[in-house]
Amino acid sequence: MKKIATLVAAAALSTASMTVSAWWGGPWDGLGDGFGNGVGDGSFSMNFSGSSRFSGYGDGYGYNQPYYGYPYYGAYAPVAPLTEEQQKAMQQQQQAFAEQQAKAMQEAVEAQRKFAEQFAAQPQPFAAPASPRFELPADIQARRDEMQKQMEARRAEVMKRVEAQRASAKEQHDALRKEMDARQTRRDI
């Protein structure tokens, strides 16, 4: 909060002390009248920016520094073939590794099965006992029933009007169809 107050004070101070310059001159008429141009400028800016860029490449050679690590590309030693003892040892290691993997997989499957059994054995979430059905007070229920009867009566009345309008529209449609058929018959003759 103190920093914000300091920044506001600095902004007010810089605004109050902005640079103003004026040039007065022009045709004086002896009465002290002339014209003047004034220019004012003020600004306050608080900008923060930061950037960084790193790049690097190295191959371990140059600048007279020693190179530690792999030998130069052309200096790899040829690979000698394995002896029978080495091949047997490698085969035994691979077989032991495969057995360890199979045992670990079996243990994981067994652990999942045990977890599923434990989960199924847990009691089910709490279910609230069946509470009695909520019933409205008698006077409110009576008003509700009365409103429902009125709505059903209005609906029945509206449906009667709709059916009457449908029947009237069908009669008009049939009469128009007969008239059009009669005109068509007269044209065909």
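What about the overall build of the protein chain?
Helices and strands together make up the secondary structure of the protein chain, namely three helices and two strands. Beginning at the N terminus, the succession of helices and strands in the protein chain can be written as α-β-β-α-α. A sequence separation of at least 24 residues applies to 19% of the contacts in the protein chain between residues at least 6 apart. Put simply, the protein chain shows about 19,000 Å² of open surface, and 58% of that area lies on carbon and sulfur atoms.

Observations regarding a nonpolar patch on the surface
A contiguous nonpolar surface patch, about 290 Å² in accessible area, is contributed by Phe 134, Leu 136 and Ile 140. Its place among the elements puts Leu 136 in the loop between α2 (84-121) and α3 (138-188). The class for Leu 136 is partly exposed, based on a relative accessible area of 33%.

Topic: the pattern of salt bridges
Taken as a whole, this structure holds six salt bridges when the rule is applied. A salt bridge links Asp 174 to Lys 170, with the nearest nitrogen and oxygen atoms 3.9 Å apart. One end of the pair, Asp 174, and the other, Lys 170, are both in helix α3, four residues apart, so they sit about a helical turn from each other. Using a relative accessible area of 33% as the deciding quantity, one classes Asp 174 as partly exposed. As a salt-bridge pair, Arg 183 and Glu 179 come within 2.6 Å of each other at their nearest N and O atoms. Linking Arg 183 with Glu 179, this pair stays in helix α3, spanning four residues, or about one helical turn. One network of salt bridges, with partners in common, ties together Glu 110, Arg 113 and Glu 117.

Describing the confidence of the model for the protein chain
Overall, the prediction assigns the protein chain a mean pLDDT of 76, with 59% of residues at 70 or greater. Ranking the elements of the protein chain by mean pLDDT puts strand β1 (residues 19-25) last with 44 and α3 first with 93. Considering only residues more than four positions removed or in separate chains, one finds that residues 18-26, a stretch of pLDDT under 50, has 19 contacts.

Thresholds applied
- For every chain, the first residue of the written sequence is number 1, and numbering continues from 1 along that sequence.
- Predicted model: local features are reported for residues with pLDDT of at least 70 only, side-chain atom pairs are reported and counted for 80 or more only, and whole-chain, interface and lining totals are derived from all residues.
- Excluded from the side-chain calculations are hydrogens and water; all other atoms, namely the structure's heavy atoms, are used.
- In DSSP terms, a helix is any run of H or I states spanning at least four residues, a strand is any run of E spanning at least two, and both are numbered starting from the N terminus.
- The contact criterion used is simple: two residues touch if any of their non-hydrogen atoms lie within 4.5 Å.
- Values of accessible area rely on a 1.4 Å probe in the Shrake-Rupley scheme; residue burial ignores everything except the protein chains shown.
- Like-charged residues within 9 Å of one another, or nonpolar side chains (Val, Leu, Ile, Met, Phe, Trp, Tyr) within 5 Å, are grouped into patches, provided each residue has over 30% relative accessible area and no salt bridge.
- Each reported salt bridge corresponds to a side-chain nitrogen of Lys or Arg within 4 Å of a carboxyl oxygen of Asp or Glu.
- Exposure categories follow from relative accessible area, calculated using a 1.4 Å probe and restricted to protein chains: below 20% of the type maximum is buried, above 50% is exposed, and the middle band is partly exposed.
- Along the chain, pLDDT gives the predictor's confidence residue by residue, from 0 to 100.

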